[in-house]
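Structural overview for review
The residues making up each chain are set out below.
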Amino acid sequence: MTTPTNTVADAAATRKRRMSRILGLGLLPILLVTLFVVLGLIEPRFLRSANLINILRNASFLMLIASGQMLVLIIGGFDLSVGAVVALTSVATALSMTGLVSVFPEAQLFVVLLGVMAGLAAGSMIGVVNGLTVAFMKVSPFMVTLGTLSIASGIALYATQGVPVYGMPDEFTREFGRLRYLNLPVVIYVTFGVLVALWWVMNWTRLGRYIYAIGSNAHAARVSGVSTTFYIVVTYTLCSFLAALTGILLTARIGSGEATLGGTLMLESIAAAVIGGVSLRGGVGRVELVALGALFLALVTNAMNLVRVDSKLQTIVIGVVIIVAVGIERFKSRGKIR
Amino acid sequence: MSASVDGPDLSASRSHVWFFGFFAKYGFLPVILIALYVGFGLVEPAFFSGANALNIIKQSSYLIVLATAQMFVLLTRGFDLSLGMVVSMVSVASSLVMAGIAPNGEGPVIIALLAGVFAAVAIGAMAGAVNGICVAYFDINPFVVTMGMQGIAFGLATTLSGGFPVLDIPVLLNKGLAQGAWFGVIPPPVAVCLIILAASYFVLNRTVFGRSLYLLGANSRATEVGGIPWRRYNMLAYVICSSIAAIGAILITARAGTGEPSLGGGLVLQSIAAAVIGGVALRGGEGRVIHVVLGGLLVTVLSIGMNLTRVDGFLQEIVLGLVVVGAVFLDRLRLKIRL
Amino acid sequence: MGTQDKRDMASGDTAPVDQSGGSDPSLLIEMKGIDKRFPGVCALDQVDFDLRPGEVHVLFGENGAGKSTLINVIAGSFAADGGSYMFCGEKLGRLTPYHAREIGISPVFQEFSLAPDLTIGENLFLGRELASVGVLNKGEMRAQAKSVLEDLGFDLEPHARVGDLPRAQQQMTEIAKALLREVRVLILDEPTASLSERETDRLFEIIDRLKSEGVGIIYVSHRMAEIKRVGDRVTVLRDGRKIGTVDADAVSEENLVEMMTGRTFDAFFPKIEHRPGDVALATTGLTTKNRQVIDVDFSVRAGEVVGIAGLVGCGKSELARAIFGLHEITAGALMLYGKTITSPTPSQMLKSGLCYFPSDRVAEGLSLSRPIRENVSLAALDLADFASKGFLKIGSEKARAAAIVDKLQVVPLDTEKQVEFLSGGNRQKVMLSRGLARDINVFLLDEPTVGIDVGAKTEVYNLIKEMAEAGAAVVVISSELPEVLHLSNRVYVMHRGYLAAELTGEDITEANVLAHFFDRDHETEETSSKISEGSGP
């Protein structure tokens, strides 16, 4: 009923939309560059290479988890459990490594490999549960992932009783966790690889095409022969997998398994995705922009640290940023006649 | 969507109607509630004691207050994720006000208490107004708005308190609002809870505002076409939600005897769980005061039962998560039975 | 529901054996005794249907007669509860939409199966992308999309995002999507409802070509001219039953309408005595912000019914919505009983005695999960009958609602029943009850009979008659031409947001109205390009 047929309104609207798309794409890089320049001018410590690498590293963690969140948002869902998945993965990895290392003290590499697999599996399981429940029960993804959030972090806390797990092999914490190549931490390369792969998936594969199609109009996808339930499960699993990967990289970095890891990541992942232009109504979103969104958040956080804004105040800033970003998105799409 | 299936006309046999009608109205909840009570009692006989029964009622009143708050926004097809952190923020802020006027109970204690309560409700209402304006007038997803507010309120709570409990609040708060009994029989939190329930019942069932909440939750565009100022009412729902949560915060602060920045951690989940388990629909437009009471009782019985049977605290969090997912299943099931 | 039991027994098993024995393998589709029930509703009752290669078989009937259920069964979206379905002489088992497309049954529903955020090209291949091991072959798909669109003669750009297209182009995309693969049966559900004359002609050429290739076409339409133009046979459905199949050439409009409604032409549409009095509602130069209504001069007098006709999306519904305050007005004047109203709001218009009844009852008319009583009083909560000072008067509300429901003969009469349990006709009555719950003198009825059965339709028509003869001003906006033609004292035709014509008296004929549906094609395109230049960012 609300589809436009009036060519007059439509021609104007199309033009306006094209403009806003260019603006939407152009605004974030411009904002980033401005922020970068301003910070460089007012705070010389900002431009030190150690600081820049630090920003990139923090942004990498966020990019990974936010791109997972993006997949779920594009398909028209939501994942509140990503932070808890990070915690669960961290604990599962650490516990299985410390357990295995006493059994196979010689084969450290083997232990590391098994531990990483265990962590990834544990984290991805949550995604499978999320996906199955959302796809087959057709319940609000929000409630489901709120529930699994509690379950995952409960398991992580219960397994460790809230105490950090130490004693993972040095191969993992020292050599992998602090590994650098060309002076850049390995996490940056991993993230870059994952982002490129995701970009390819979203643009050049059937899976990506269907994620967009389902989020855009699930009914249309279904009658066109797309198995929506299957792809929903795959998408939630991918999201949790990426969160689990983040959890493993974070665990390697801090050197212990922590049930409290990833507390703010849920909020930040949604923030990064939304700043990157992902629509909460599904169907719209691009990996490269989400990466920029994550970089933006990392820059803002770094700036606040440099000028010594209390870390507690920072959650306020992130809260405001989320609301404003979604508000702008809302405002932009208001002109759309759909 | 399909015009041909515009409306099924139900005419099943009488007994079925009664049977399903009962579940459609109250869910399986009363049955589960009794089963849980008896079950815990069999495992741990102390559960059956009168003192424990009183404790259940007393403890559940806190949750019921918060779940009632949550219900006001759930009815509008919304959500309030910030509820827990608003409780923390209000707890800290009102404690600071009280401690400022009458540190350690030295000074005008009554004025301090009144000012504290006033500040609590005012701050709560303000947070609610921000949520409500963003949701109702700017059409921003309630979930994102309240999630942002959660961050903001958490930041304010920890900043205001520096991360530590506010200790020097008047003891009278604890004595008057948590301990003992009003009129010799009724524990203060239960009394406050009953007042809130009665007021909510009246507002929801006897006022144009309450009616409009149901109507707009069921179909906001229909209320717009019907000339109801739904945006205003939608915003007010968030204000009321946060205001009731603020009263809950005062009660909880009184119970703890200190203003705590970490008070509200698990409360969002619990309040939503209680309301939804009780039978408040996630898709809006459905939910009654009795639902919240039943849901609040259930979650409390579960938690006290697990404490008495010495279930690990972290394990309880897992159980709560399962209960939330279970509640969503039940919500779907109710819908299926009805249609 | 008296026949329910009998039917249950008749279709006790799904009859795996071909009962008739005499199936004809030369038929594309042969359906016998198809039953389809929804909870409490019998949508199809022992319907027979067949389709020959190279013919256009028109399905004709009211909304809710079972046409859309039947094409959904044919396309595999619904499974039939009973009867046999043969495709090219072979019995079909459980058919899914996907499977149906695989064997060459391509439906084009009114509800599009397009993803608005994807491009035309991406939508054409949705669900059957050319890919190897999951990797898309974009170049090949682009080339094929281009050639298919060219072949069909559709002026569509494969890169355009579907959500940005006007409805007519979305319709053409949907048709192209259906024709992309090998088609043996094409189902078209009111395809011309939003197409312009030129696009319609193009569609008919394609239909002729498909016919010559031996494709069978099932065509749902209400328009007589169209049925005569493309149809070979016409099957009429009423209340889920097949009334008959006739040759399109040999049948008159009166015949079809009588078959469709089950009553004589004159009994179906009541004779309304129009006694036009003062101008109740008038607009001059009305233009909305979204430019779906442009420069409209329109008026309705007390005591008359005025019809507004036009293509889907021509702005007829937006005109009423703008008057009621649901679309922003940027230019022009609005007068209600001689009083100028600058920026109307729904509550203000209701207070002034004007009420708009939306076409989409589910989306914006009713609060389905709430009881009848609350829906009756929904638009009147500011009145002393229902509330005072913000407090509800439940007792008085119950009495008033009961009286209104009784007058409109809503079934069930129980006002505490949730509206979602009501049939389409009764839902419509509940919504119309708003006009009785408060003092309403100007009724804007947007598609008042969409999705309701014949009996309820006559009741709605009689209600319109009653209101008009009691001195109310009634505006009927409808896509069902007969409705507009036979109820109205005057008829306005809208086209692309403009008022194209005003017809009175003897001039109110289908031919005249249809002529104005399209006639300004060229003219408006010129103006539109000018306007878009002016209003560009």
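On a predicted model such as this, the values are computed, not experimentally measured, just so you know. (Residues numbered from 1 in each chain as written. Chains lettered and ligands numbered in written order. Predicted model: local features only at pLDDT ≥ 70, side-chain atom pairs only at ≥ 80, totals over all residues. Heavy atoms only, no water.)

1. Section: the interface of chain B and chain A
Counting residues at the interface gives 39 residues for chain B and 37 residues for chain A. Of the roughly 3300 Å² buried between chain B and chain A on both sides combined, carbon and sulfur atoms contribute 80%. The tally of links between chain B and chain A comes to 0 salt bridges. Between chain B and chain A we count 3 residue pairs in polar contact (both at pLDDT 80 or more) in total. Here the element with the most residues in the side of chain B that touches chain A is helix H6 (residues 142–161) of chain B; it accounts for 13 residues. Tallied by class, the residues present in the side of chain B that touches chain A amount to 27 nonpolar, 8 polar and 4 charged. (Contact = heavy atoms within 4.5 Å. Buried area = accessible area lost by both parts, 1.4 Å probe. Salt bridge = Lys/Arg side-chain N within 4 Å of Asp/Glu carboxyl O. Polar contact = N/O pair within 3.5 Å; in protein donor to acceptor, adjacent residues only side chain to side chain. Helix = DSSP H or I, 4+ residues; strand = E, 2+ residues; numbered from the N terminus. Nonpolar A, V, L, I, M, F, W, Y, C, P; charged D, E, K, R; others polar.)

2. Examining the nonpolar core
The nonpolar side chains of a soluble globular protein tend to be buried with one another. All names here are of chain C. Leu-281, Phe-298, Ile-323 and Ile-464 are the most contacted members of the largest nonpolar core, which has 287 residues in total. Summarising the domain contributions, this core has at least three residues from each of domain 2 (269–353 + 441–537) and domain 3 (363–439). Among residues more than four places away in sequence, those in contact with Ile-464 are Ile-272, Val-305, Leu-445, Val-474, Val-476 and Leu-487. Of all hydrophobic cores here, the second largest spans 48 residues; its members include Ile-120, Val-148, Ile-175 and Met-259. (Core = buried A, V, L, I, M, F, W, Y, C linked by side-chain atoms within 4.5 Å. Buried < 20%, exposed > 50% of the residue type's maximum accessible area, 1.4 Å probe, protein only. Domains from an automatic or database assignment.)

3. So, the packing of helix H6 (residues 167–179) of chain C against helix H7 (residues 197–212) of chain C
The relative placement of two packed helices is expressed as an angle between their axes plus a distance between the axes. Residues and elements named next belong to chain C. One can describe the packing of H6 onto H7 by two numbers: an axis separation of 12 Å at closest approach and a directional angle of 10 degrees. As the angle between them shows, H6 and H7 are arranged roughly parallel. Between H6 and H7, the contacting residues are Ala-168, Met-172, Ile-175 and Leu-179 on the first element and Glu-199, Leu-203, Ile-206 and Leu-210 on the second. Here the residues of the contact of H6 with H7 sort into 7 nonpolar, no polar and 1 charged. (Axes fitted to C-alpha atoms, helices over the stretch in contact; angles between N-to-C directions. Parallel < 35°, antiparallel > 145°, perpendicular 65-115°, else oblique.)

4. Here's the deal with helix H10 (residues 228–254) of chain A
Spacing of three or four residues puts side chains on the same side of an α-helix, whose turn is 3.6 residues. In a regular helix each residue adds 1.5 Å, so 27 residues correspond to 39 Å; H10(A) covers 39 Å between its end C-alpha atoms and thus fits that length. Looking one or two residues beyond H10(A), the residue adopting positive phi is Gly255(A), at roughly 85 degrees. (Expected span 1.5 Å × (residues − 1).)

5. Thoughts on the pattern of salt bridges
All chains considered together, the criterion is met by 35 salt bridges over all chains. A salt bridge links Asp151(C) to Arg209(C); the nearest nitrogen and oxygen atoms lie 3.3 Å apart. Of this pair, Asp151(C) sits in helix H5 (residues 138–152) while Arg209(C) sits in helix H7; the two residues are 58 residues apart in sequence, bridging distant segments of the chain. Its relative accessible area of 47% is what places Asp151(C) among the partly exposed residues. Classification of Arg209(C) as partly exposed rests on a relative accessible area of 32%. Residue Glu304(C) pairs with Arg490(C) through a salt bridge whose shortest N-O separation is 2.6 Å. Of this pair, Glu304(C) sits in the loop between strand E14 (296–301) and strand E15 (305–310) while Arg490(C) is found in strand E23 (residues 490–495), placing the two residues 186 residues apart along the sequence. The pair formed by Glu304(C) and Arg490(C) is uniform in burial state, with each residue classed as buried. In this structure, a network of salt bridges that share partners links the residues Arg211(B), Arg370(C), Arg373(C), Glu374(C), Glu397(C) and Glu416(C).

Without other data, these values stay purely geometric and don't point to any function.
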